[in-house]
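Structural overview
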Amino acid sequence: MKTKINWALKSLIILFALCCLGCQNKASNPITEKDIHIIPKPKDLKLGSGHFVFTEKTKLYVPNNDHLGAADVLLNRFKTAANWDLEVVKDLPSTNFIQFKNNGNLDHEAYTLNVNNTHVTIEGNSFSGFSYGIQTLRQLLPSEIESQQPIESVVWEVPQVMITDSPRFKWRGLMLDVSRHFFQKEYIMETIDRLAYHKMNTLHLHLVDDQGWRIEIKKYPKLTDIGAYRVDQEDKPWNARPPQKEEVNNLYGGYFTQEDIKDIVAYAERRGVNVVPEIEMPAHVTSAIASYPEFSCLEEPVTVPSGGLWPITDIYCAGKESTFEFLENVLTEVMALFPSKYIHVGGDEATKTNWKTCKHCQKRMQLEGLKNVEELQSYFIKRMERFISSKGRILIGWDEILEGGLAPGATVMSWRGVKGGLEASSEGHDVVMTPGTHCYFDHYQGPMDTEPKAWGGFTPVSKVYEFDPVVDSMTQAQAEHVLGGQANLWAEYIPTTAHSEYMIFPRLAALSETLWSPKTNRSWTEFSSRLVPLFKRYEYQGINYARSAYAITAETEVNDSTHVITVALKTEFPDTDIRYALNDDLLETSGTSYTMPIEIDSTTTIKASRYDHNAPVGQVFNKTFNYHKAVGKPVTYNTLYSNSYQGKGSNNMVNIVRGTKNFHDGQWQAWIGNNMDLVIDLESSTELSEVTIGTMENQGPSIYFPTQIEVLLSTDGKSFSSVGKIDRPFKVNPTIELKDFTIRFNKQQATHVQVKAVSLKKTPSGGGAWLFVDEIVVN
Ligand code: ACM
Ligand code: ZN
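Residues numbered from 1 in each chain as written. Chains lettered and ligands numbered in written order. Predicted model: local features only at pLDDT ≥ 70, side-chain atom pairs only at ≥ 80, totals over all residues. Heavy atoms only, no water.

**Focus: the coordination of the zinc ion (ligand 2)**
For clarity, the threshold we go by: The donor set comprises N, O and S atoms within 2.8 Å of the metal, extended to 3.2 Å for Na, K and Ca; water molecules are omitted, so apparent gaps in a site may simply reflect that omission. Each label reflects the angles at the metal, where four donors whose angles all fall between 85 and 135 degrees are tetrahedral, four or six donors whose opposite pairs open beyond 155 degrees and whose other angles stay between 65 and 115 are square planar or octahedral respectively, and the rest are irregular. Under the scheme used here, helices are H or I runs from DSSP no shorter than 4 residues and strands are E runs no shorter than 2 residues, and both carry numbers assigned from the N terminus.
At this site the zinc ion (ligand 2) is bound by Cys 297 (SG), Cys 317 (SG), Cys 358 (SG) and Cys 361 (SG), with donor distances of 2.3 to 2.4 Å. With four donor atoms in place around the zinc ion (ligand 2) and angles of 105 to 117° between them, the coordination shape is tetrahedral. All donor residues of the zinc ion (ligand 2) come from one chain, and their arrangement in sequence is C-x19-C-x40-C-x2-C. One end of the pair, Cys 317, is in the loop between helix H7 (286-291) and helix H8 (321-337); the other, Cys 361, is in helix H10 (residues 359-368), with 44 residues separating them in the sequence.

This is the structure in structure tokens:
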């Protein structure tokens, strides 16, 4: 009796104390939905009033031992951030507890989370459901919960909420390329934790590529003895690393032992993440051919390349039975290590020239009645698909596996846009959407001149947020075949874990929401307001996330009649406090709040910075806009630019905005296999003495400087005479280079300027050559 009274009294006191805490907080700081920053946004959230407050005595009631791993995340956080050892119990406590409750009506990954004054209930129907419930609870706690060391005097409270949540898509992935640069298993595990934090459930490991074989295969030890190491040329640009000389020691590389893989897979299982292995074939396998040349057509010795290799011609021979025996043996070991239902076999970017002459490949084509090498690749993948499905697994491959006919049970990963996904889903195949436009995290995420070197492209976080794996033109039946989406982080330009983090975060947060949350009400403005508090959590977690979304960029508009240029400054965050100064004025003393576009009618330097609490933060924007005599004047094209690179349209060449080394930045006009020839109408007789043509060379994606440039002038718009010509013969150039070609001449009056730029037309390997021009500066 005595104990019962004591117990009741104690409970009352605790309840009273908790109420006071809750009320106090409510009075001073009422919680609204704006204060809840969960990413990805839950499907349904109702806010109550008051809080649940964790104490050192808070218990976790987890009746099912299979779900203990889900609770671990919270236990570990409280251990680290509060130095508390919260207890897991098997009897339902009476107050101040977190309860896991099984609910057989919920979908596999769904959960509900109910917070009241005395306890938190998480309902789920699987490990994943409970795990996501815990991750949501973690995001409801103060951001200090992410601290790597104990923090005192934090009230560990969560607002009273009722959340019902489940994902929109079942495949929510990230691919890490561990071939181009190798990353240790500790980083892989950290990444798994971060995937789980964002409710992502798939880690795709790209274990094989030309530049390194990264998984131990017991039956073929040379794959890692030889294939996992290359000459260390990390000091040179990726595309300027010459092939290995024989006497050099191969020092750069590494691989996962089978024990490492078991550790990774077990770790991922405890976080609800599936690890999908990718074993590339038939191309992107120079590392394997260097180890076992007998599985190629030519059987010639090759070395593991240290950098860019294109086109990829050293591929597996599709004629020899021994190739298939080798690959089946490799996959047998791989499938024993990875429980994943999906096994990725690559299949992309095979240049099949050797197959056209190889006697084994030719014999195979004859025997199987295959009309071309595309059908031979299809035979290859179909054969692997039969093997993989005979083991109860599903083959997945890049969208090239559609060429020559798709294997019956295959799932397609659509990377060359969404076309592959549309085609495969229309044929009744499942697809995972990873279009380069939105999902390639090796692309730039901010202005190229302020970002570390990246592959190319431009995929800022706001663009990732626009991603939708279901394409508008899909039928309902096609949409049902969309398993989800995935980000791919190719690692050619990513040598360190810090750099890898930089490329992943915060873009992964945007992707997680596009794959988890309902499409309705998705808003970049609202999402970006939740991104800022997430940054604080990233900081506590020690993640080297990119601040690129804060970078100031300029957008210009030309007024064709007044020839005034307006320059609009912005960051990716709406309502950023930007201040600017012009020309020699100092930002510190003369900074003006930016409220509307700046007008320019002469050469002007704009300096600008983002301000936070009245202090400048981040990189200063500093750009000089060179005004010239052709600004805003009409341009007539004798040869029209490509639809793919239209720049800013008809006044692109005279809008004073220069392109960057990012050829996707929207400032470039381009011609493929054709010359540029245009005429600028100066609208009145104007004295001229020079004309400059801004160009770019980036030979990787077939962009070449013009081989000749000529400027012609006219005083009537009809007859033109040449005032100068520059010849520039083709040279191999491993770098990305911007170049202004200037033609100077004696001062003279003209009404029209004609500019001709001669294209290389064909690349040295025979494809179409691009010619890129961003501005014609007339003075
Ligand atoms: C790819 O990006 N080659 C799949
Ligand atoms: Zn062959």
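From this point, the discussion proceeds with the structure in view.
**Digging into the sheet that holds strand S23 (residues 565-570)**
For clarity, the threshold we go by: Only strands that DSSP links by at least two bridges are regarded as paired with each other. Only C-alpha atoms enter the line fits that serve as axes; for helices the fit covers just the stretch in contact. Angles between N-to-C directions range over 0 to 180 degrees.
Spatial strand order, S22-S23-S26: three strands in an open sheet with antiparallel pairing. Every other strand in the sheet has two partners, leaving strand S22 (553-558) and strand S26 (598-600) as the edge strands with one partner each. This sheet shows a mean twist of 30° between the axes of neighbouring strands, independent of strand direction.

**Thoughts on the sheet that holds strand S25 (residues 592-593)**
Taking strand neighbours across the sheet as the criterion, the four strands line up as S25-S24-S27-S28 in an open arrangement whose pairing is antiparallel. Looking at which strands have only one partner, the edges of the open sheet turn out to be S25 and strand S28 (615-625).

**Comments concerning the side chain of Lys 185**
Selection rule: Throughout, a contact is declared for two residues whenever any of their heavy atoms are within 4.5 Å.
Structurally, Lys 185 can be placed in helix H4 (residues 185-197). Once residues within four sequence positions are removed from consideration, Lys 185 is found in contact with Phe 256, Asp 260, Asp 263 and Ile 264.

**A closer look at the nonpolar core**
The nonpolar side chains of a soluble globular protein tend to be buried with one another. For clarity, the threshold we go by: As used in this record, nonpolar core signifies buried Ala, Val, Leu, Ile, Met, Phe, Trp, Tyr and Cys residues forming a set joined through side-chain atoms within 4.5 Å. Buried means the residue's accessible area, taken with a 1.4 Å probe over protein chains only, is under 20% of the maximum for its type, while exposed means over 50%, and partly exposed covers the values in between.
Ile 188, Trp 213, Ile 215, Ile 279, Tyr 316, Phe 380 and Leu 531 are the most contacted members of the largest nonpolar core, which has 118 residues in total. Residues Leu 75, Tyr 111, Leu 140 and Trp 516 belong to the second largest nonpolar core, which totals 38 residues.

**Describing unusual backbone geometry**
Of note, the amide linkage connecting Met 281 to Pro 282 takes the cis form, showing an omega dihedral of -10°. On the secondary structure map, Pro 282 appears in the loop between strand S14 (274-281) and H7. The linkage connecting Trp 310 with the following residue, Pro 311, adopts the cis geometry, with an omega of -5°. Position of Pro 311 relative to the elements: it lies in the loop between H7 and H8. The backbone of Ser 153 shows a phi angle near 50°, a positive value even though the residue is not glycine. Here Ser 153 is to be found in the loop between helix H3 (127-140) and strand S7 (157-165).

**Let's talk about the pattern of salt bridges**
The following threshold applies: Criterion for a salt bridge: a side-chain nitrogen of Lys or Arg within 4 Å of a carboxyl oxygen of Asp or Glu.
Under the criterion given, the structure shown has 36 salt bridges. Its salt-bridge partner being Glu 492, residue Arg 180 comes within 3.4 Å of it at the nearest N-O pair. You can see Arg 180 sitting in the loop between strand S8 (171-177) and H4 and its partner Glu 492 sitting in the loop between strand S21 (482-489) and helix H16 (497-504), a full 312 residues away along the chain. In this pair, the class of Arg 180 matches that of Glu 492, namely buried. Between Glu 400 and Arg 416 there is a salt bridge, with its nearest N and O atoms 4.0 Å apart. Here the residue Glu 400 occupies a position in the loop between strand S16 (394-398) and strand S17 (411-414), and Arg 416 occupies one in the loop between S17 and helix H12 (419-426), the gap between them amounting to 16 residues.

**Observations regarding the pairing of S28**
As paired elements, strand S27 (residues 604-612) and S28 share eight bridges and run antiparallel to each other. Following the sheet pairing, Arg 610 is matched in S28 by Val 617. Remark: two residues form the turn of the hairpin made by S27 and S28, two consecutive strands paired antiparallel; His 613 in that turn has positive phi of roughly 50°.

**Observations concerning the packing of helix H2 (residues 68-82) against H3**
Basically, it comes down to this: Angle categories are assigned with fixed cut-offs, so that under 35 degrees is roughly parallel, over 145 is roughly antiparallel, 65 to 115 is roughly perpendicular, and the rest are oblique. Left-handed describes a crossing whose near helix is turned anticlockwise from the far helix by less than a right angle; the clockwise case is right-handed. Just so you know the grouping, Ala, Val, Leu, Ile, Met, Phe, Trp, Tyr, Cys and Pro go in nonpolar, Asp, Glu, Lys and Arg go in charged, and all remaining residues, Gly too, go in polar.
For the pair H2 and H3, interaxial distance at closest approach is 7 Å and the crossing angle is 20°. As far as their axial angle goes, H3 and H2 are roughly parallel. In the crossing of H2 with H3, the sense of the turn from one axis to the other is right-handed. Mapping the contact onto sequence places Gly 69, Ala 70, Val 73, Leu 74 and Arg 77 in H2 and Phe 127, Phe 130, Ser 131, Ile 134, Gln 135, Leu 137 and Arg 138 in H3. Looking at the contact of H2 with H3, its residues break down into seven nonpolar, three polar and two charged.

Limitation: the analysis is restricted to geometry and does not speak to function.
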